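Reading the structure
Chain residues, written in single-letter form:
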Amino acid sequence: MVSRAPALHFLPSELIIAILEFVPSRDLCRYLCLSRQFKYEIRKILIARVQQTFTSGRNCFLTTIESLDTHGPGPTHIFDLVLLDADVDTLNARFKINDASIIPTSNDPHPISPSCTKTSKPAASPKIIARKLDGTDRLETIRLNACINLESTWRPYHDPEQWIKNVSVHVFSPADIYHEAIFVTNGTVTFSGDAKTESLGWWRSAIDRYAEIVVSNSKREFGDFESFLVTAFLEEVVIKSGILLTAIEEKWKDDVTSVVIEESGDSDSG
């Protein structure tokens with residue numbers, strides 16, 4: 001009896017690759033373990049999708065750092081990042097702080113890192129001024145691309161929970177009139193704010209098994225007052241391309257429903 005099962009191995013490789021172009025990212029990641037022959041081609045497709053998704057300002061990659069209680073009174077910091085590179089071998093997508101959205105001043109405790117100048121200067125993203133949480137009509141104001149105060153002689157943090165931050169990643173499209181936020185991943189990170197000189201510098205920590213953050217600490221000393229201020233600034237986020245693309249394609253959601261951006265000099269909600 002002649003088998004009627006489709007003989008995919010007889011199909012031209014070019015045709016199979018063309019078919020894979022239409023396969024959802026979640027399934028492509030599963031196929032990486034099933035097809036050694038097309039493993040590299042699948043990786044190339046995933047990386048191309050990441051590059052296409054985040055080029056020319058089509059989508060904004062946001063990382064939020066806040067207290068463990070997302071509805072609490074503590075400050076909410078949102079960092080706007082742009083795609084720096086994507087590795088076809090590891091499938092890691094690396095995003096760096098969008099220095100086009102930063103206006104450095106002489107009093108800025110965080111001057112722009114020289115490493116951020118290795119790529120062409122990106123265009124400034126829409127200015128985010130607030131976000132909206134599920135279950136409330138209140139618009140929560142945020143601090144965009146601003147340093148996080150960790151420790152100072154004026155306000156030492158004795159509560160251990162002050163050092164533990166909730167870190168979440170979202171994506172939104174400026175072309176979407178509602179500016180709906182797509183949830184990607186989240187987790188908790190314990191920040192380092194020791195004022196000792198040898199503890200300052202760059203450090204990294206995992207958000208979860210899919211993503212990690214790279215943070216720089218800096219210290220400002222005020223000689224006239226014999227005081228200091230230790231701050232943290234988000235430099236990079238490294239995330240697996242598979243979960244990033246799957247979240248966008250499937251439109252994952254969490255408590256953050258949308259963001260509010262400033263348009264034409266006016267603060268309008270999306």
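Let us look at the structure shown here. The structure presented is a predicted model; accordingly, all values stated were derived computationally and were not measured.

In terms of helices and strands, the chain carries 4 helices and 14 strands. In the chain, buried positions account for 43% of the 270 residues. Element-wise, carbon and sulfur atoms account for 52% of the exposed surface of the chain, whose accessible area totals about 15,100 Å².

Here we come to the packing of aromatic side chains. Scanning the entire structure with this criterion turns up 5 aromatic pairs. On the numbers, 6.1 Å between centres and 70° between planes, the contact of phenylalanine 54 with phenylalanine 61 is edge-to-face. Judged by its relative accessible area of 0%, phenylalanine 61 is buried. Members of the aromatic cluster, each reached through a chain of ring pairs, are Phe54, Phe61 and Phe95.

Burial runs high along strand β1 (residues 60–66): 7 of the 7 residues are buried. Of the two faces of β1, both are covered, the one formed by Cys60, Leu62, Thr64 and Glu66 as well as the one formed by Phe61, Thr63 and Ile65. Taken together, the 7 bridges between β1 and strand β8 (residues 164–172) define a ladder with antiparallel strand orientation. What sits directly across from isoleucine 65, in β8, is valine 167. Direction of pairing for β1 relative to strand β2 (residues 77–86): antiparallel, over a ladder of 5 bridges. Each residue of the ladder has a partner; that of threonine 64, found in β2, is isoleucine 78.

We now examine the pattern of salt bridges. Evaluated as defined, the whole model comprises 11 salt bridges. A salt bridge links arginine 131 to glutamate 66; the nearest nitrogen and oxygen atoms lie 2.5 Å apart. Of this pair, arginine 131 sits in strand β4 (residues 127–133) while glutamate 66 sits in strand β1, placing them 65 residues apart in sequence. Each member of the pair arginine 131 and glutamate 66 is classed as buried. With its nearest N and O atoms 3.6 Å apart, the salt bridge here joins glutamate 180 to lysine 253. Of this pair, glutamate 180 sits in the loop between β8 and β9 (182–190) while lysine 253 sits in the loop between α4 (241–250) and β13 (256–263), and the two are 73 residues apart along the sequence. Judged by its relative accessible area of 39%, glutamate 180 falls in the partly exposed class. Residue class for lysine 253 comes out partly exposed when judged on its relative accessible area of 46%. Overlapping salt bridges bring together Glu66, Arg131 and Glu140 as one network.

So, how was this worked out
- Residues numbered from 1 in each chain as written.
- Predicted model: local features only at pLDDT ≥ 70, side-chain atom pairs only at ≥ 80, totals over all residues.
- Heavy atoms only, no water.
- Helix = DSSP H or I, 4+ residues; strand = E, 2+ residues; numbered from the N terminus.
- Buried < 20%, exposed > 50% of the residue type's maximum accessible area, 1.4 Å probe, protein only.
- Areas by Shrake-Rupley, 256 points an atom, 1.4 Å probe, with all protein chains shown as cover.
- Phe/Tyr/Trp six-rings, centres within 6.5 Å; stacked < 30°, edge-to-face > 60°.
- Pairing = 2+ DSSP bridges.
- Salt bridge = Lys/Arg side-chain N within 4 Å of Asp/Glu carboxyl O.

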